[in-house]
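Chain by chain, the residues run as shown.
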Amino acid sequence: FKLWEKDGAGILKKLSISPNFGEVSINRKWIDMIVKAKSINGINNISSFTNAINLHTIGIDRIVDSGISNIEISTSLVDRESYKRLYGRDKYDQVLKNILDLLSANKSKGSPIDIYINLRIDLPQENFEKSEAYKKIIKYIDKRKISYLTKYDTWGGVIKKDSIPKGATFISVKNNKGKPPCLQLYKTLYVKMDGTIQACKCVTHESLNTRNILDYS
């Protein structure tokens, strides 16, 4: 925030409050950071990624009223069994309730937040579209705002086949031959909390780092 207040006003317009690893909602200052960012001249878009597990501990109305512009929810919603297998935690019921409560509260307040749901589910996607969860969610959100991840990065071989959803595949360098690189590499630069300018927000690797923006302030 010091960067915005000193030199960034009018230049740095978008703020993503999301960790590269972990979950943003376990940070007790998450809502406070959103409110602070909203008060700074020049910031016109504030976004966060969440797995929705802990939203109820913060307060759904507090989140909706915070001033955040976009929330992207990354989760699995077909059923309790597949959720537990993919995420290693038995939190399906709580996650679904949190999502429904968030969507409902957002709609009742005029939809101030643009909400997207990014699903990691066993394929095909019809597994979800035939579920009871889908029937409940679609009452509050356009189906075009629900996406399905079908290809995964191995993160240098760390992620194994049995850790990704059934029917999904790994991104192959061979299959990507002749295709343009990931959009995130040239769409825009990302400034991390320590000031490091990074070329991609999805993967943390020193090869993606450039300079530190604080060196120029």
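Residues numbered from 1 in each chain as written. Predicted model: local features only at pLDDT ≥ 70, side-chain atom pairs only at ≥ 80, totals over all residues. Heavy atoms only, no water.

The biggest cluster of nonpolar side chains holds 44 residues, and the ones touching the most others in it are Trp30, Leu77, Phe128 and Ile137. Tallying contributions element by element places helix H6 (residues 92–108) first for this core, with eight residues. Excluding residues that lie within four positions of it along the chain, Phe128 makes contacts with Leu77, Val78, Leu119, Ile121, Ala133, Tyr134, Ile137, Ile146 and Tyr148. (Core = buried A, V, L, I, M, F, W, Y, C linked by side-chain atoms within 4.5 Å. Buried < 20%, exposed > 50% of the residue type's maximum accessible area, 1.4 Å probe, protein only. Helix = DSSP H or I, 4+ residues; strand = E, 2+ residues; numbered from the N terminus. Contact = heavy atoms within 4.5 Å.)

Among the residues making up helix H5 (residues 80–87), those that are buried are Ser82, Tyr83 and Leu86. Each buried residue of H5 sits inside an arc of 105° when the element is viewed along its axis, so together they form one side. Tucked into the core, H5 has its buried residues touching strand S3 (70–75) and H6. Capping the start of H5 is the job of one residue whose side-chain oxygen sits 3.3 Å from the backbone nitrogen of Glu81: Asp79. At the exit of H5 stands Gly88, carrying a positive phi of roughly 75°. (Arc of directions from axis to C-beta. Polar contact = N/O pair within 3.5 Å; in protein donor to acceptor, adjacent residues only side chain to side chain.)

With that settled, the discussion passes to the environment of Asn118. Mapped onto the elements of the fold, Asn118 is located in strand S4 (residues 114–119). We classify Asn118 as buried; its relative accessible area is 19%. For the pair Asn118 and Tyr148, spaced 30 residues apart in sequence, the C-alpha separation works out to 5.9 Å. The residues touching Asn118, leaving out its near neighbours within four places in the chain, are Phe49, Glu72, Ile73, Ser74, Thr75 and Ser147. Among the polar contacts listed, one links the side chain of Asn118 to the side chain of Ser147, at a separation of 2.8 Å.

So, on to the sheet that holds strand S9 (residues 196–198). Spatial strand order, S8-S9-S10: three strands in an open sheet with antiparallel pairing. With partners counted over all chains shown, the strands left at the sheet margins are strand S8 (190–191) and strand S10 (209–212), one partner each. In the sheet, S8 pairs with S9 via two bridges, with the strands oriented antiparallel. Looking across to S9, one finds that Tyr190 is bridged to Gln198. (Pairing = 2+ DSSP bridges.)

Here the focus is unusual backbone geometry. Each neighbour pair has its own omega, and for Leu123 with Pro124 the value is 10°, a cis peptide bond. Mapping Pro124 onto the fold places it in the loop between S4 and helix H7 (126–129). Non-glycine residue Ala52 carries a positive phi angle of around 70°. As for its position among the elements, Ala52 is in the loop between strand S2 (45–50) and helix H3 (55–58). The backbone phi angle of Ser111 is positive, close to 55°, even though this residue is not glycine.

What follows concerns the packing of aromatic side chains. Enumeration over the complete set of coordinates arrives at four aromatic pairs. For the ring pair Phe128 and Tyr134, a centre distance of 5.3 Å and an interplane angle of 85° mean the geometry is edge-to-face. Note on Tyr134: relative accessible area 14%, which makes it buried. Joined through ring pairs, the aromatic side chains of Tyr83, Tyr87 and Tyr92 make up one cluster. The ring of Tyr116 carries the charged tip of Lys145 above its face, separated from the ring centre by 5.4 Å. (Phe/Tyr/Trp six-rings, centres within 6.5 Å; stacked < 30°, edge-to-face > 60°. Lys NZ or Arg CZ within 6 Å of the ring centre and 35° of its normal.)

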